[in-house]
Amino acid sequence: MALDNRKINQLLQSFRANPYRIFVVVTPHTGYLREFLVKEGDEVKGPSGKWLEKPGTPLFILEREKNPKTIRAKASGTISKVNRELEGRFVEAFEPVLEIKHTLTQKEIVAELLRKTLHIVTAPEKARYFLSPELAKKIEKEGEGRVVVKPGDELAIMSFMKRETPVLHEGPPMVVFRVFFSQGQMVDQGEPLFGLCLEEERPYVEKLIARVKEEWPA
Amino acid sequence: MRELQRYLHELIDRVVYLQDIKGENWEGSAYLLEDLKRLKENFFQISEKDCHHLLESYEARLKILEDRAAKELTPYEIVKITRNTQRFTLLDILENVYDSYTELGGEGDINVDPAVVCARAMISRRVGDKVYLHQVIVIGHEKGHGEEFRNGGSAKPWGNEKALRYMRVAETEGIPIHFYIFTPGAYPIEDYPGAAQQIARNLYFMSKLRVPTVAFISEGGSGGAEAIGLADIRLMASRGYYSVISPEGAAAIEGKIKEGERPPRELVEFCARQLKITAEDNLRLGTIDRIVPEPPLGARRNDYQFFKRLRYEMIRATDEVVLRTKSLKAFRSYALRRKKEEENPPDEFDIYVRWDLSEVEIEKLLDLRSRKYRQMSRHVLGITKCSFRGYMEKTQDVGLRLYHDFRYGVLKQGQKMIQRVMEDLSGEGVAFLKQLTEPLKTAYDLLGTRPRRPKARVVTMEEALVDLPELYVSPLALEDRTVTCPNAETHGCPDIWVPDLYGEFCGVCPNCGYHFPLEYQWYLSNIFDAKSIKEFNEDIASGNPLGFEGYDKKLALAKKKTGRKSAIITFQARIGGISLIVAMLIADFRQGTVGVAEGEKFIQACDRARITKRPFLAFIHTTGGIRIHEGTLGVIQMPRCTMAVREYIDAGGLYLVVYDNNSYAGPVASFLGCSPYQFAIRSTRIGFAGPRVIRETTGEDVPPDYHSAENALRRGHIQGIWDRRELRKKLYEALLTMGGQNLYYK
């Protein structure tokens, strides 16, 4: 679907109406739900630290075979709903226990919108990626979001064990809106490399991002 | 006027120095500093004569303060003196003590590790009208006077590796080494060659370094100090400190202070007092040989009288080391001893001693070094030389040695020699006959008969390992419940029923292979042949040699809880019929920390293995490092035990180290880390310092798996990872395939 002002308004409206993501916390297995460690309205934190080594806030204790297990938050946010009636009862696996209302940040909204509006080129293999020299030169000269690539143009060079394979552009001529990797970075398979869009859509995408930045605090 | 200005600046420096040590508001020093600063501001408005008078009166006031401060110095204030940026450093020593020097392996910040300085230096002595020049290698820590790149003298692993490299150079060239220790501790990172492993390698090498060595300690921070501290004579600055841990570190442990919080000053003072870190304390404990006197408030970088003293002491100590190895030395030794207590160092020496040694003298040097370290700290155990029991034990040892030398030495060697000759003869015979029979055999084969190949026969027959008749089951298995594997989230491990986990699964998660901790009794029962364990030296007991307040109670509790007298169990046992000596550090007793008793038991076990030609296994159920309550008496176990290990390995034994659970700090950085065969049971953690210490020292966070066995293997610190269920088999294979030629079964 082509991007236009109406579409932009629709997208923004959807985020304005609901700038949250609801994470439903379910029981990982059967057991007795012994105790809730949080109440509605509590702020909880997901795993943190450079390696996510610090566990999230404890939510409730689920006991099976005399093995009490503390279930922790996987995302940050506010506890919006707690199924109090489950406390002290036997619960089945995957039973919804509580909900965490996570307020989307500006960065998350932009990422979400880009995912919806751009054509994403993903890494075909886990390898080291280099921007093709011509493209790098053009981007340096004209700036990101200005360079048009035609079908068959070389986007990047995938380098692995001294084997170099070009990543070519397929489809209609498009603008390179975002480059998601730095020169020589090791990128896992399936991770995004480029975000492309049609030339006529570019102003709209820029406008969309500007409006998100305007409306949502960083 | 310029002279007076210099005089004023010097006084300001002295007041600031005093305040650094005693605190900013000590005895009105702040007023004195204020007066001096005021004078500095109005310096050119006062006449020269008045200014001179004023400065003299200020100096008199300062002198009174300094004298009072020197009389009331506490151990923690001595620590502050040692850490002060105005204190002399190694480069000051190289400038003022040695006649000339060339820095090796670096220059300033262009360096492998600027915290370690190695230099080729010349030191001269005057005897009568002659001046003699001696060449030495100087290795030490450089704290710098506030330069950040020096890292406060905290040597990185590659800095210690550089030190080792130049020790080898000194050995090749046969010149003495002067070590200067100015470190708060080693930089606790695991990157190759690894903090702990490199210190262990240094200690291992220094224990048999074939040149005279003298160490001078100004700031001796635990393992970092030991990395270049195993010397024939250890001198210490009178205002230096030598400790198992920094007073702040000890206070954080004792006061259970949370990460990021500062321990209270009183607790730090208390720990500094209890740890017995001063030069006098260390001399009394026997961990150093002599004290080099400094000015009452410590020597600073412009104390030339101190450098003169140090130069004299270093030459005299090197002479002493060399003379001990000589057969003709009586008068020269007397001359040296006579000079011992002199207040002011003389400008001239009475004697000249050449510092190179012959092969016989080197052997004596090594023997004396070994004896020196073996004797250190033993006095606290109450092992007296003249007791009847001592004589009996000695007789027993001699008997044991004679028996094993005869049985596995004379007889076995003779047998081996005959076997070797027979093999050579048979080989020669076969080769000769083959020349004659080959044409006939070829003709025979050509006639159509199929070539005959005899069935291959194994030359060495290996005994198959018999399974243990009955498996010991951990008491942990007696609970009817399930547990969750720590890897459940990442590996999807299902909950495990405890009787299964600690019974059939031997504490190993059947899905991901995570090893749950097990008690040391499990290993005693499931590794060694049934009823083969014979414990020895169980009466050597851990004590409180420093009289650390409150420690007696903790120790008594540990003894009561475990029913043992120390954190190490030494015993003789068998695996698949092969007899071996084992030293096992156990977690239950003070987290397997090593003190004098543990060190002594380890050394005696090592010696027993050497005498009886048995393989020696160090099984580390857990070790938390050196026991801080025993201070430097604990630290000294690092070189002591490494010395014993080196002698055992050199004698042709097999020294195996197996880590389990957690192994950190001193032991890993000495007698464990120096083993050529180190293995870890899966899920163990091995390292030099824990994550908290790393974070506090380096200011950087460490990943959660930083100390894992896998990473230790990746960095080359260990040689393999073993599964607990296969430990008996793996050990048996190791006993058969590894080690030197002096094992009784080889």
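Residues numbered from 1 in each chain as written. Chains lettered and ligands numbered in written order. Predicted model: local features only at pLDDT ≥ 70, side-chain atom pairs only at ≥ 80, totals over all residues.

1. Observations regarding the overall build of chain A
Then, in step 1: In terms of helices and strands, chain A carries four helices and 16 strands.
Then, in step 2: Rg of the C-alpha trace for chain A: 23 Å, well past the compact-globule value of 17 Å for 218 residues, more than 25% over.
Then, in step 3: A total of 218 residues make up chain A; the buried ones form 23% of that total.
Then, in step 4: Long-range pairs, those at least 24 residues apart, make up 68% of the contacts in chain A between residues at least 6 apart in sequence. (Helix = DSSP H or I, 4+ residues; strand = E, 2+ residues; numbered from the N terminus. Rg over C-alpha atoms; globule rule 2.2 N^0.38 Å. Buried ≥ 20, exposed ≤ 12 C-beta atoms within 10 Å, placed from the backbone. Contact = placed C-beta atoms within 7 Å.)

2. Thoughts on the overall build of chain B
Then, in step 1: The secondary structure content of chain B amounts to 25 helices and 20 strands.
Then, in step 2: The principal-axis extent of the C-alpha atoms belonging to chain B is close to 120 × 70 × 60 Å.
Then, in step 3: The proportion of buried residues among the 746 residues of chain B is 44%.
Then, in step 4: Sequence-distant contacts in chain B: of pairs separated by 6 or more residues, those separated by 24 or more amount to 75%.

3. Here we look at the domain arrangement of chain B
The extent of an interface is frequently quoted as the accessible surface area lost upon association of the parts.
Residues and elements named next belong to chain B.
Then, in step 1: Assigned domains of chain B: these are domain 1 (2-72), domain 2 (82-321 + 350-375), domain 3 (475-516) and domain 4 (518-737).
Then, in step 2: Facing seven residues of domain 3, the contacting portion of domain 4 comprises six residues.
Then, in step 3: Partitioning the side of domain 3 that touches domain 4 into residue classes produces four nonpolar, three polar and no charged. (Domains from an automatic or database assignment. Nonpolar A, V, L, I, M, F, W, Y, C, P; charged D, E, K, R; others polar.)

4. Description of the domain arrangement of chain A
Then, in step 1: For chain A, the assigned domains read domain 1 (20-103) and domain 2 (107-215).
Then, in step 2: A straight line from the C-alpha centre of domain 1 of chain A to that of domain 2 of chain A covers 38 Å.

5. Here we look at the sheet that holds strand 3 (residues 43-44) of chain A
Then, in step 1: An order of 1-8-6-3 (chain A) is seen for the four strands of this open sheet, with the pairing classed as antiparallel. The strands lining the two open edges of the sheet, one partner per strand, are strand 1 (20-26) and strand 3 of chain A. (Pairing = 2+ DSSP bridges.)

6. Thoughts on the environment of B:G221
Residue and element names in this part refer to chain B.
Then, in step 1: Summarising the element assignment, G221 is placed in strand 7 (residues 213-221).
Then, in step 2: Separated by 127 residues in sequence, G221 and E348 place their C-alpha atoms 34 Å apart.
Then, in step 3: If we ignore the near neighbours within four places in the chain, the residues touching G221 are T183, P184, G185, S243 and S246.

7. Here's the deal with the packing of helix 2 (residues 106-117) of chain A against helix 4 (residues 202-215) of chain A
Residues and elements named next belong to chain A.
Then, in step 1: For the pair helix 2 and helix 4, the least separation of the axes is 10 Å and the interaxial angle reads 160°. Taken together, the axes of helix 2 and helix 4 lie roughly antiparallel to each other. Taken as a pair, helix 2 and helix 4 cross one another with a handedness that is right-handed. Every residue of helix 4 that contacts helix 2 at Q106, I109, V110, L113 and T117 is listed here: V205, L208, I209, V212 and K213.
Then, in step 2: When grouped by side-chain class, the residues that make up the contact of helix 2 with helix 4 number seven nonpolar, two polar and one charged. (Axes fitted to C-alpha atoms, helices over the stretch in contact; angles between N-to-C directions. Parallel < 35°, antiparallel > 145°, perpendicular 65-115°, else oblique. Left-handed = near helix turned anticlockwise from the far one by under 90°.)

8. What to know about the sheet that holds strand 20 (residues 720-722) of chain B
Two orientations exist for strands paired in a sheet by backbone hydrogen bonds: parallel and antiparallel.
Residue and element names in this part refer to chain B.
Then, in step 1: One open sheet accounts for seven strands, arranged 12-13-14-15-16-18-20; its pairing is mixed. Two strands close off the open sheet at either side, each with one partner strand: strand 12 (534-536) and strand 20. In this sheet, adjacent strand axes meet at a mean angle of 25° when their direction is disregarded.
Then, in step 2: The sheet contacts of helix 25 (residues 727-737) involve strand 13 (568-575), strand 14 (578-585), strand 16 (655-659), strand 18 (677-681) and strand 20, and relative to strand 13 the element is tilted by about 75°.

9. Let's talk about the pairing of strand 8 (residues 96-103) of chain A
Residues and elements named next belong to chain A.
Then, in step 1: Of the pairings in the sheet, the one linking strand 1 to strand 8 comprises seven bridges and is antiparallel in character. Its bridge partner being in strand 8, R21 is matched across the sheet by H102.
Then, in step 2: Pairing analysis gives four bridges linking strand 6 (residues 77-82) to strand 8, with the strands arranged antiparallel. Considered in strand 8, the bridge of V82 is made with L98.

10. Points about the packing of helix 6 (residues 157-173) of chain B against helix 7 (residues 195-206) of chain B
Residues and elements named next belong to chain B.
Then, in step 1: Contact pair helix 6 / helix 7: the axes reach a minimum separation of 9 Å and the direction vectors enclose 15°. Viewed along their axes, helix 6 and helix 7 adopt a mutual orientation that is roughly parallel. In this structure, helix 6 meets helix 7 at a crossing whose hand is left-handed. In this structure, helix 6 uses P157, N160, E161, A163, L164 and M167 to contact helix 7, whose residues at the interface are A195, Q198, I199, R201, N202, F205 and M206.

11. Regarding unusual backbone geometry
Then, in step 1: For the bond from B:Y192 to B:P193, the omega torsion is 10°, close enough to zero to count as cis.
Then, in step 2: Locating B:P193 in the fold gives a position in the loop between strand 6 (177-183) and helix 7.
Then, in step 3: In this structure, A:L52 takes a positive phi of about 50° despite not being glycine.
Then, in step 4: Unlike most non-glycine residues, B:A665 shows phi in positive territory, near 65°.
Then, in step 5: When you line up the elements, B:A665 lands in the loop between strand 17 (662-664) and strand 18.

12. Concerning the environment of B:K63
Residues and elements named next belong to chain B.
Then, in step 1: Along the polypeptide, K63 turns up in helix 3 (residues 48-71).
Then, in step 2: K63 sits in the exposed class, given 11 other C-beta atoms within 10 Å.
Then, in step 3: Each C-alpha atom of the pair K63 and R14 lies 9.7 Å from the other, and the pair is 49 residues apart in sequence.

13. Points about helix 1 (residues 2-22) of chain B
Every α-helix carries 3.6 residues per turn, so stepping three or four residues along brings you back to the same face.
Residue and element names in this part refer to chain B.
Then, in step 1: End to end, helix 1 covers 30 Å across 21 residues, agreeing with the expected 30 Å (1.5 Å per residue, within 8%).
Then, in step 2: Along helix 1, the residues classified as buried are L11, R14, V15, Y17, L18, I21 and K22. End-on, the buried residues of helix 1 take up no more than an arc of 160°, which puts them together on one face. Facing away from the buried surface of helix 1 by more than 90 degrees, the exposed residues are R2, R6 and H9.
Then, in step 3: The secondary structure elements touched by the buried residues of helix 1 are helix 2 (29-41), helix 3 and helix 4 (75-83).
Then, in step 4: Of the residues trailing helix 1, G23 is marked for its positive phi of about 105°. (Expected span 1.5 Å × (residues − 1). Arc of directions from axis to C-beta.)

14. Thoughts on the confidence of the model for chain B
Then, in step 1: For chain B, per-residue confidence averages 91 on the pLDDT scale, and 95% of positions sit at 70 or higher.
Then, in step 2: We note a pTM of 0.88 for the whole complex and an ipTM of 0.78 for its interfaces. (pLDDT = per-residue confidence, 0-100.)

15. Considerations on the pairing of strand 18 of chain B
Residues and elements named next belong to chain B.
Then, in step 1: Where burial is concerned, most of strand 18 is hidden: four out of the five residues are buried.
Then, in step 2: Across four bridges, strand 16 lies against strand 18 in parallel orientation. Bridged to Y659 within strand 18 is A680.
Then, in step 3: Two strands pair when backbone bridges link them, and strand 18 and strand 20 are joined in this way by three bridges, in the parallel orientation. Of the residues in strand 20, the one forming a bridge with A680 is I721.

16. Remarks on the environment of B:P188
All names here are of chain B.
Then, in step 1: Among the structural elements, P188 can be located in the loop between strand 6 and helix 7.
Then, in step 2: Between the C-alpha atoms of P188 and L275, which are 87 residues apart in sequence, the distance is 22 Å.
Then, in step 3: When neighbours within four sequence positions are excluded, P188 is seen to be in contact with A195, F688, A689, V693, I694 and T697.

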